[in-house]
Amino acid sequence: MATTQFDSPADHGVSGAGRERKFSTGSDRPYRYSLYAVVSLIGAVVFYFVYVLIKNSIPGWQFAGWSIFTSTTWSFGDSKFGVLPLVLGTILTTFFALLFAVPVGVGAALSIVYLIPRRLQLAVSSLVELLAVVPSIVYGVWGALVMATFLGNKGEPWLKNLAHGVWPFNGSTPGYGMTLGSVVLAVMVMPIITALSRDVIVGVPKELTEGALSLGATRGQVIRKVILPSCKTGIVGAVTLATGRALGETIALATLLGGVTQQSPLPVRAFATGSTLAAEIALDFGAITGKAGNVLFALALILMVIVGAVTYFARSIIRRNQRQFQ
Amino acid sequence: MKKAFRTPIVALAASIAMVAVGVTPAFAASESSVLSNALVVKTVPSPSLNMGGSSFDANLVNAAYAAWKTQSANNGNSLNAYQSSNSGTGRSGVDASTPTLNIGFSDVPLNYAGQDVTDTSQYVQVPVALGGVAIITNLHYATTATVTNKFGTKTTTSRLTSNGTPTGRTCAQLVSAYPVALDGKTLGSIFAGSITSWSNPAVIAQNPRIAVEAYVPIAKAVKAKGKRGHKGYKPAVPQKNRLELVNCLTMTTTPTITVYSRTAGSGTTFIFRDYLAKADSAEFPVPSSAAFTAAAATFSGSSTLAPAVAGKDGSIGYVEYGYALQNHLASLRMKNVAGAYVNSTASAVAAAATAGLAAINANKSNCPAGWSAAGPQTYNANSVNTQCFSITNVNAGAAYPIAGFSYAIVPKTIGNANVAIVTTKFLLFLTQSGAGTNSSNTFGQNLAGAQAYVALPKPIENVAYGLIGQINAGVDLSATN
């Protein structure tokens, strides 16, 4: 079966489409065995990693009890372990970051390919890729010193005034909190989406776009009806990668989110402070060998389950789209 | 600037001469030879030692560690840099079944109020630092104010200076001359969330001198009634404004108070709450390390709380005084028991230590047997109350009311001889001022003033010396390692 040009690179070889030729015996045997060894090593590392994580988290579940899932109070220093604020914080910061980053990122990719003059294309895409490799701690420092001051003194009070203090724009405006975290996270993941989407958009065959144009479609219609649908799988792949990075972002959010407080026990306001699973593990890492330290392993396990679920869900979307085109 | 921190503490020696040590120094050699041997590590242990915990001590320990490393390359290789987090982590790092820290630093004694559930007789707690908790704020003031006359377009602008002219002092200048002052009850109300605005009357009442002239409407404008020339016509009455003295705290750019707190487990919080339990016991009955419920955001260390206050207009927080200086933040003057408004300077903290230690001594009978005035060692945790180690809210004219000691916690028996030697040497370096040795200026306590702490008073240095001598019953530092 011929592979279509709408494949996601991640799916090559899954159904055995490229495996017809077997390795011949004899001179290729060492090569085959070393490949087996590498695969086994990777598999062993992954299994051992998951095993250690589960094993160390069990005392944590016992220490915190089932209330870890039902309690809505998280205060590590006071031995109050309720993960709901953290799970909500993780999901909400990622969701709002993507809400901003995906349209802007895909739009930026489209403009790089179709709007910006050819001689500037290389410069602009290099700039975007540079943003993608900036270390998280740099974003954390920038967020704490620049964005937190701006949001706390100007941005959030202005927004609160505009909404007349109605939920979700109510409560105090400390600057640090979910809004700051989402904004910085959006800036962090947008270059990833732009860079990967740009590669996928460039790969759309010219025949399709020229065919649509020759039938009288406008530029906008070509983008909406031809380019974006054909890039859907690739863009979903890019968004999945961005989601993975956002869900696991640790050090930047540890400095920016302001912690779970009595004023915002759950991050359900725009200006609420909170924490995420990864950031909380980093902040409380000093107690990792204590009794409460195993609870941090439990948090890590919950985070892995969330990331795994999101990735699986994204892959199933990709697979469904592939079947549609086939 | 540094001269201001050189405080003569000779007077301390006389007043606290009755501080009973309760432990006999276990070092066999003379003190001067012990201290001379403490400067250089001869055998580097493997793995190297870890220390960390309270952010209250961080500035002093970092400075002492930098000086320690210059003594010899072995010193830096034996001990890793200070990991600043909070007092709770300092204690849990040392008393865990697999400890991550060789030396833990905490402002709260081990197992106070049963919080750590550990056998305290297995540990030595050495006083290492004496500092003040500064209440930091970020306040900016308007330089002009406008009053609009109703039913007209005329506006009256006040130039907010002390005499209404450009030669008068603005609010910013007035506040730097007379820093904002509060008493414990008002401060407690702010941190409890019952006072939410800088223009609250209780706050203003304690700051009468920071006032500027401004136009204040005293009579409302009245619209004209009826038509001119007709019967019953009443002409419009213009608004009357009068120049009055207005407190600067009603002219802040952000009147809402944003409270910032530390996360639970902080020893700085404990010292602050210990003070509030004495000054505002209605709202804060029991000292603890819990975060403040009125806080808009919490931070894991003083090093992140201070910049947060620096970045948010109208915010208030609390950090060890050195962080206030580092971030160029104004700190409040606090009213002490004697009625004076005092800022968190070295001399004020030293005065608090003097009076506080005298008070602790007077209360010794209420403390468990084996108690030492400046650092608990072996005791039944359930019978300790803060009177046995707290120096907050002391009754002395020049004393700053929010001051406290901080302690280094180490196991009494250390299996690895090299680790015990490095621990002993570094703790001696940190807690002593080295008088009587050839290198008297290099020891850690000489750096206290420059880092905005107060050097430990000599009797407390002696107590620390004796406590360090309990590690492995007095390590022999004259050996080849």
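Procedures and definitions
- Residues numbered from 1 in each chain as written.
- Chains lettered and ligands numbered in written order.
- Predicted model: local features only at pLDDT ≥ 70, side-chain atom pairs only at ≥ 80, totals over all residues.
- Helix = DSSP H or I, 4+ residues; strand = E, 2+ residues; numbered from the N terminus.
- Buried ≥ 20, exposed ≤ 12 C-beta atoms within 10 Å, placed from the backbone.
- Contact = placed C-beta atoms within 7 Å.
- Nonpolar A, V, L, I, M, F, W, Y, C, P; charged D, E, K, R; others polar.
- Pairing = 2+ DSSP bridges.
- Core = buried A, V, L, I, M, F, W, Y, C linked by C-beta atoms within 7 Å.
- Expected span 1.5 Å × (residues − 1).
- Bend = angle between axes of the 7 residues up to and from the residue.
- pLDDT = per-residue confidence, 0-100.
- Axes fitted to C-alpha atoms, helices over the stretch in contact; angles between N-to-C directions.
- Parallel < 35°, antiparallel > 145°, perpendicular 65-115°, else oblique.
- Left-handed = near helix turned anticlockwise from the far one by under 90°.

Moving on, we come to the overall build of chain B. Along its length, chain B carries 14 helices and 16 strands. Considering chain B as a whole, with its 481 residues, one finds that 53% of them fall into the buried category.

Another aspect to go through is the overall build of chain A. If you tally the helices and strands in chain A, you get 11 helices and zero strands. For chain A, the sequential pattern of α-helices and β-strands runs α-α-α-α-α-α-α-α-α-α-α. Each of the three principal axes of chain A carries a C-alpha extent, and together these read 60 × 60 × 35 Å. Counting the 326 residues in chain A, one finds 37% classified as buried. Taking as baseline every contact in chain A between residues at least 6 positions apart, the subset at least 24 positions apart corresponds to 77%.

This brings us to unusual backbone geometry. In the segment running from Trp167 of chain A into Pro168 of chain A, the intervening peptide bond is cis, with an omega of 5 degrees. Secondary-structure assignment places Pro168 of chain A in the loop between helix H5 (136–162) and helix H6 (178–202). A cis amide bond links Ser46 of chain B to the next residue, Pro47 of chain B, at an omega of 0 degrees. The backbone of Ser79 of chain A shows a phi angle near 60 degrees, a positive value even though the residue is not glycine. The topology assignment puts Ser79 of chain A in the loop between helix H2 (67–70) and helix H3 (84–114). A positive phi angle, near 55 degrees, is found at Ala473 of chain B, a position not held by glycine.

The interface is formed by 26 residues belonging to chain A together with 27 residues belonging to chain B. Of the residues in the side of chain A that touches chain B, the class split is seven nonpolar, 18 polar and one charged.

Further remarks concern the environment of Gly203 of chain A. Its location among the elements puts Gly203 of chain A in the loop between H6 and helix H7 (206–214). With 24 residues separating them along the chain, Gly203 of chain A and Ile227 of chain A place their C-alpha atoms 9.9 Å apart.

What follows deals with the sheet that holds strand E15 (residues 341–342) of chain B. Residue and element names in this part refer to chain B. Taken together, the three strands give an open sheet; going across it, the order is E7-E14-E15, and neighbouring strands pair in mixed fashion. Of all strands in the sheet, those with a lone pairing partner are strand E7 (181–182) and E15, marking the two edges. Pairing of E7 with strand E14 (residues 333–335), which is carried by two bridges, proceeds in the parallel orientation. Following the sheet pairing, Ala181 is matched in E14 by Arg333.

Ranked by internal contacts, the top residues of the largest apolar core, which has 205 residues, are Val189 and Ile193 of chain A together with Ala352 of chain B. No other element matches H6 of chain A, which puts 16 residues into this core. Other than its neighbours up to four places away in sequence, Ile193 of chain A contacts Ala101, Val102, Gly105, Val106, Ala238, Val239 and Ala242 of chain A.

For the rest of this paragraph, the subject is H3 of chain A. Across its 31 residues, H3 of chain A extends 44 Å between first and last C-alpha, which sits within 8% of the 45 Å expected from 1.5 Å per residue. The sharpest bend along H3 of chain A comes to roughly 30 degrees, located at Ala101 of chain A, with the proline Pro103 of chain A sitting one to four residues further on.

Put simply, chain A has an average pLDDT of 87, and 91% of its residues get 70 or more. Below a pLDDT of 50 lies the segment residues 1–7 of chain A, which in the model reaches 10 contacts outside its immediate sequence neighbourhood of four places, other chains included.

Residue and element names in this part refer to chain A. At a minimum axis separation of 10 Å, H3 and helix H8 (residues 219–248) run at an interaxial angle of 140 degrees. As summarised for this structure, H3 and H8 are arranged oblique, according to the angle between their axes. Seen along the crossing, H3 lies across H8 with a hand that is right-handed. Here Thr90, Thr94, Ala97, Leu98, Ala101, Val102, Val106 and Leu110 of H3 come into contact with H8, specifically with Ile223, Ile235, Val239, Ala242, Thr243, Ala246 and Leu247. In terms of residue class, the contact of H3 with H8 is built from 12 nonpolar, three polar and no charged.

Each packed pair of helices is defined by two parameters, the angle between the axes and the distance between the axes. All names here are of chain A. Relative to each other, H3 and H6 sit at 35 degrees, their axes nearing to 6 Å. Regarding H3 and H6, the two cross each other, and that crossing is right-handed. Of the residues in the contact of H3 with H6, the class split is 21 nonpolar, six polar and one charged.

This paragraph deals with the confidence of the model for chain B. Residue and element names in this part refer to chain B. Looking at chain B as a whole, its pLDDT mean stands at 85, while 88% of the residues score no less than 70. Between residues 1–23, whose pLDDT stays under 50, and residues either more than four places distant or in other chains, the model counts 39 contacts. Taken over the whole predicted complex, pTM reads 0.86, whereas the ipTM for its chain interfaces reads 0.82.

A few words on the environment of Val40 of chain B. Residue and element names in this part refer to chain B. Among the secondary structure elements, Val40 is positioned in the loop between helix H2 (31–37) and strand E1 (51–53). Residue Val40 is classed as partly exposed on the basis of its C-beta count, with 14 C-beta atoms lying within 10 Å. Along the primary structure Val40 and Val422 are separated by 382 residues, whereas in three dimensions their C-alpha atoms are 9.1 Å apart. Setting aside chain neighbours within four positions, we find Val40 in contact with Gln71, Ser72, Asn74 and Asn75.

With that settled, the discussion passes to the environment of Tyr48 of chain A. Residues and elements named next belong to chain A. Structurally, the position occupied by Tyr48 is in helix H1 (residues 29–64). C-beta crowding within 10 Å serves as the criterion here: with 10 such atoms nearby, Tyr48 is assigned to the exposed category. Each C-alpha atom of the pair Tyr48 and Val87 lies 25 Å from the other, and the pair is 39 residues apart in sequence.

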